[in-house]
Amino acid sequence: KSIYGSLQQEQYSKAKIDYASMVLTGTLEALAIESNRTAFYGYQDNTSGKFLVQGLFNNPALSNYVVATKTFAAMTSDEIFAFFATAISDLTVQTGGVIDGLSTIRVPISTTAFAQLQSKHTSLGISVYEQLLKTYPSMTFEPAIELNKAHLNTDVIYFIGESMAGGIADTTTLGYSEINRAGNVVMGDNTFSQAFSSGSVGAVVYKPFMIKRYSGV
């Protein structure tokens, strides 16, 4: 709920700050953060312990995590390149050739593992991250702190292939029952309030066979 007082609004206006807009922005950002969290973790009923909404981490349609032999921190740059080559080769086999090294591939990755890609360099002084982008020009990385320690207290990485296979462009997307619904502005004696709500159905996975995921990186 967005709540602000008349006195606060007047005080902030002296500094040329629109306090009402600032509170509204904060409210909408809080809803967006919660929707993003639901997309990763799903939503679990506290009484039954059952998931009412499935997230990307606990979607039963996805294959099990493959455990990496080493973390990126313990790998050399050549070993990291070999890891990516194997992952894409496995994804190619898993998708029956629909996805390969030239395909559009989204790579959600833990922020810790991503930092290792940026900090390690090849013998030519190029960061592993830069070299991976040159090798796989249609690959995009999406670092997210939610992937830190996400499986058995280890960092994880996902390889999500994208194509029009099946007539659907997205392999997975964030689902909404409603994005943001705004209630009426209610005026009190010295305050204004407005309720906002949003609904999420977690992560919608259209093509689970186009996702490969690894833990222990």
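Our subject in this report is the structure included herewith. (Residues numbered from 1 in each chain as written. Predicted model: local features only at pLDDT ≥ 70, side-chain atom pairs only at ≥ 80, totals over all residues. Heavy atoms only, no water.)

1. Quick look at the overall build of the protein
Across its full length, the protein carries five helices and twelve strands. Considering only intrachain contacts with a sequence separation of at least 6, the fraction spanning at least 24 residues in the protein is 70%. Surface accessibility of the protein: about 12,000 Å² in total, with carbon and sulfur atoms responsible for 55%. (Helix = DSSP H or I, 4+ residues; strand = E, 2+ residues; numbered from the N terminus. Contact = heavy atoms within 4.5 Å. Areas by Shrake-Rupley, 256 points an atom, 1.4 Å probe, with all protein chains shown as cover.)

2. Thoughts on the packing of helix 3 (residues 77–94) against helix 5 (residues 128–135)
Contact pair helix 3 / helix 5: the axes reach a minimum separation of 11 Å and the direction vectors enclose 35 degrees. Once helix 3 is placed against helix 5, the crossing between them reads as right-handed. Here Ser-77, Ile-80, Phe-81 and Phe-84 of helix 3 lie close against helix 5, whose contacting residues are Val-128, Gln-131 and Leu-132. In the contact of helix 3 with helix 5, the residues fall into five nonpolar, two polar and no charged. (Axes fitted to C-alpha atoms, helices over the stretch in contact; angles between N-to-C directions. Left-handed = near helix turned anticlockwise from the far one by under 90°. Nonpolar A, V, L, I, M, F, W, Y, C, P; charged D, E, K, R; others polar.)

3. Section: the pairing of strand 5 (residues 104–110)
Each regular strand displays side chains that alternate between the two surfaces of the sheet. The buried fraction of strand 5 amounts to six of the seven residues, a majority that puts the element mostly inside the structure. Bridge count for strand 5 against strand 7 (residues 156–162) is four bridges, and the pairing is antiparallel. Residue pairing across strands places Thr-104 opposite Glu-162, the latter belonging to strand 7. Note that strand 5 and strand 6 (residues 139–144) share six bridges and pair parallel. Opposite Val-107, over in strand 6, you have Phe-141 as the bridge partner. (Buried < 20%, exposed > 50% of the residue type's maximum accessible area, 1.4 Å probe, protein only. Pairing = 2+ DSSP bridges.)

4. Concerning the packing of aromatic side chains
Applying the stated criterion across every chain yields a total of 15 aromatic pairs. For the ring pair Phe-83 and Phe-84, a centre distance of 5.7 Å and an interplane angle of 80 degrees mean the geometry is edge-to-face. Phe-84 sits in the buried class, given a relative accessible area of 0%. Cation over ring: Arg-213 sits above Tyr-65, and NZ or CZ is 4.2 Å from the ring centre. (Phe/Tyr/Trp six-rings, centres within 6.5 Å; stacked < 30°, edge-to-face > 60°. Lys NZ or Arg CZ within 6 Å of the ring centre and 35° of its normal.)

5. Details of the sheet that holds strand 12 (residues 211–215)
Within a beta sheet, neighbouring strands are joined by backbone hydrogen bonds and run either parallel or antiparallel to one another. One open sheet accounts for five strands, arranged 4-12-7-5-6; its pairing is mixed. Strand pairing shows two members of the sheet lacking a second neighbour, strand 4 (66–67) and strand 6, which therefore form its edges. In the packing of helix 3 onto the sheet, contacts are made with strand 5, strand 6, strand 7 and strand 12, and the angle to strand 12 comes to roughly 145 degrees.

6. Thoughts on the pattern of salt bridges
The full count for this structure, using the stated rule, is three salt bridges. The closest approach of N and O atoms between Glu-79 and Lys-70, which form a salt bridge, is 3.0 Å. Where Glu-142 meets Arg-106, a salt bridge forms, and the shortest distance between an N and an O atom there is 3.6 Å. With Glu-142 in strand 6 and Arg-106 in strand 5, this pair connects stretches of sequence that are 36 residues apart. Overall, Arg-106 belongs to the buried group, its relative accessible area being 18%. (Salt bridge = Lys/Arg side-chain N within 4 Å of Asp/Glu carboxyl O.)

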